[in-house]
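Chain and residue survey
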Amino acid sequence: MKKTFYSNGKLLITGEYLVLDGAKAFALPTKKGQNLIIEEGGNKEIIWKSYDADGSIWFEDTILFSDISKEVNTENESVKATLTTILHEAFKLNPNFILNSEGYRITTELGFPKSWGLGTSSTLINNIAQWLQIDAFTLLKNSFGGSGYDIACAQNDTPIIYHLEQGIPIVEKVTFNPEFTQNLYFVYLNKKQSSKTAIAAYNINKKNNLAKTIALNDNITSEVLNATTIQSFATAIQKHEVQMSIILETHTIKESLFPDFNGVIKSLGAWGGDFVMAIATENPTDYFVSKGYKTIVPYNEMILS
């Protein structure tokens, strides 16, 4: 019996970093996500294969049931160790998948290139949670950590406003379909940014007036969501970039990489890596290609709507 589970990828438009402290974040699920395919196996082990979007295998290994059921050494950050940690935390929430099974053959299939940072881990965690009928937010918290907005995107097919209330995830489905989405583009920076490193920097730099900063973020998030013209949207996005630049004590991505760009550029998620969003009245593909950035995806090709 083959079972297949699917989760959406994600892009965080507002509230990066601050979402960890209860700020409202505006996030968009992507058209591409990840499949998890479960088949029966044997030998009290999981034979695991992970395929990238181009069909190449990026990870392949065998994980013993006995390794999943015992405490894991979390200092080892290899793919196998990380996967074993996730499965161990899943085992603690529902041990039956190990106790009542002979083994599995498990395959994952990414719909987007792994390097893009659209949620290889979050889609996996949500798929495992669906398979084992456990809470994905709990599984994330116990394994990877993070705010959980990416899990909310994995589970929802519409834009969302996401925040944590005393640690509890609050997900609000919202409508976002302005005409100016044709002026929005996602540009890949060819650079993977470690969320852990960035979060550490944020924690050092966040100022004492966090409540005020969060209130400002929530206002900007509301402006972004409710913008009816490209001008009002761009103004709100620009405001967000300036605010985060002050908190992180770092230049905006436009200042550091694209100072001559005719439009607005917004970092998405961890600053300095993965994708940025460009707002432009004319197609900016030629500009970004001339700067050495060849992956430019229009909004309507990227975002689930």
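Residues numbered from 1 in each chain as written. Predicted model: local features only at pLDDT ≥ 70, side-chain atom pairs only at ≥ 80, totals over all residues. Heavy atoms only, no water.

A few words on the sheet that holds strand β11 (residues 296–298). Spatial ordering of the open sheet is given by β9-β10-β8-β11, a layout of 4 strands whose pairing is antiparallel. Across the chains shown, the open sheet's two edge strands, defined by having one partner strand only, are β9 (264–267) and β11. Strand-to-strand twist of the sheet, defined as the mean angle between neighbouring strand axes without regard to direction, takes the value 25°. Sheet topology note: the strand β8 (residues 184–188)/β11 ladder contains 3 bridges and is antiparallel. When the bridges of β11 are listed, Tyr-185 appears paired with Pro-298. (Pairing = 2+ DSSP bridges. Helix = DSSP H or I, 4+ residues; strand = E, 2+ residues; numbered from the N terminus. Axes fitted to C-alpha atoms, helices over the stretch in contact; angles between N-to-C directions.)

So, about the packing of aromatic side chains. One pass over the full model with this rule turns up 21 aromatic pairs. On the basis of an interplanar angle of 45° and a centroid distance of 6.2 Å, the ring pair of Trp-58 and Phe-59 is categorised as tilted. The exposure class of Phe-59 is buried, given its relative accessible area of 10%. An aromatic cluster of at least three residues, connected via ring pairs, comprises Phe-26, Phe-176, Phe-180, Phe-186, Phe-233 and Tyr-299. (Phe/Tyr/Trp six-rings, centres within 6.5 Å; stacked < 30°, edge-to-face > 60°. Buried < 20%, exposed > 50% of the residue type's maximum accessible area, 1.4 Å probe, protein only.)

Our focus in this paragraph is the pairing of strand β5 (residues 104–110). Burial analysis of β5 places 5 of its 7 residues in the buried class, which makes it a mostly covered element. Relative to β5, strand β2 (residues 25–40) runs antiparallel, the two sharing 7 bridges. Bridge assignment links Leu-36 to a residue of β5, and that residue is Thr-108.

So, about helix α2 (residues 79–93). The end-to-end C-alpha distance of α2 is 21 Å, a good match for the 21 Å that 15 residues give at a rise of 1.5 Å each. Within the span of α2, buried status applies to Ala-81, Leu-83, Thr-84, Thr-85, Ile-86, Leu-87, His-88, Glu-89, Ala-90 and Phe-91. Along its buried surface, α2 packs onto β3 (45–51), β4 (57–64), α1 (65–69), α3 (96–99), α4 (120–132) and α5 (136–143). (Expected span 1.5 Å × (residues − 1). Contact = heavy atoms within 4.5 Å.)

In this structure, Leu-36, Trp-48, Ile-68, Leu-87, Phe-97, Ile-128 and Trp-131 are the most contacted members of the largest nonpolar core, which totals 40 residues. Formed by 33 residues, the second largest nonpolar core is a distinct cluster that contains Phe-26, Leu-28, Ile-220 and Val-264. (Core = buried A, V, L, I, M, F, W, Y, C linked by side-chain atoms within 4.5 Å.)

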